[in-house]
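Observations on chain architecture
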Amino acid sequence: ASDYLAFRRAVFTDTRQHLSIDSTAAGDPATPKDLKGDDLKEAANAQVQRGNFPVAIDLLKRVVEADSKDKASWNMLGRSYMAMRQTDNAITAFRKQTELSEYDENAFASLGWAYSVARRYDESAIAYSKAIEINPLSEYAHGALGSMYSEAHQYEKAVAELEKAVSIKSDNPALQVALG
């Protein structure tokens, strides 16, 4: 079982890797400092799409400083931090998103993901459970909670959650593999 978990962890870690190449041959791609509102959000989104997460993070910080209630930007900021493996910063961003979106299952699932990557399993379980409370038919939240329980060696809980996820969406091969 431990070999399987080590293999699984290695495979899932590989799938979360991003490669970005920055060329300074033509100089640094400077983002104008006077961008505001939608233009600033568009520039941040373009940097995320390019995989240029350090620049995206800087732009998204400016977005949420200007509009601290922008839920989508908090989510994108958290995801950008996760891409840079800055889980503590991601948790802060996702927490802010959950404060603004008390009934957004995806906000709580993102927070659960960040806690899980940080191996803060108890907090991850609480966040995923909140996502499930909001949407009991969330295949993703049940599957992620089950995978997290498996990672935390809580196999009975893992099986129960993974079975729920499979009962919701039986044609998901990743869930079938996780269930074993």
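No experiment lies behind these values; they were computed from the predicted model shown. (Residues numbered from 1 in each chain as written. Predicted model: local features only at pLDDT ≥ 70, side-chain atom pairs only at ≥ 80, totals over all residues. Heavy atoms only, no water.)

1. Remarks on the side chain of D70
- Along the chain, D70 falls in the loop between α3 (53-66) and α4 (71-83).
- A relative accessible area of 8% places D70 in the buried class.
- Within the local environment of D70, its side chain forms a polar contact with the side chain of K41, the two groups lying 3.0 Å apart.
- Of the polar contacts made by the side chain of D70, one reaches the backbone nitrogen of A72; its length is 3.3 Å. (Helix = DSSP H or I, 4+ residues; strand = E, 2+ residues; numbered from the N terminus. Buried < 20%, exposed > 50% of the residue type's maximum accessible area, 1.4 Å probe, protein only. Polar contact = N/O pair within 3.5 Å; in protein donor to acceptor, adjacent residues only side chain to side chain.)

2. Points about the packing of aromatic side chains
- Counting across every chain of the model gives one aromatic pair.
- A centroid spacing of 6.3 Å and a plane angle of 45° characterise the contact between F94 and W113, whose relative ring orientation is tilted. Pair noted here: F94 is in helix α5 (residues 87-100) and W113 is in helix α6 (residues 105-117), with a separation of 19 residues, a long-range link.
- Over the ring of F108 we find K130, and its NZ or CZ is 5.8 Å from the ring centre. (Phe/Tyr/Trp six-rings, centres within 6.5 Å; stacked < 30°, edge-to-face > 60°. Lys NZ or Arg CZ within 6 Å of the ring centre and 35° of its normal.)

3. Observations regarding helix α7 (residues 121-134)
- For α7, which comprises 14 residues, the first-to-last C-alpha distance of 20 Å matches the rise-based estimate of 20 Å (1.5 Å per residue) to within 8%.
- Taken residue by residue, α7 has Y121, S124, A125, A127, Y128, A131 and I132 as its buried positions. Each buried residue of α7 lies within a common arc of 165° when the element is viewed along its axis, so the set occupies one face. For α7, the exposed residues set more than 90 degrees away from the buried face come down to D122, I126 and E133.
- In the core, the buried residues of α7 are packed alongside α6, α8 (139-151) and α9 (155-168). (Expected span 1.5 Å × (residues − 1). Arc of directions from axis to C-beta. Contact = heavy atoms within 4.5 Å.)

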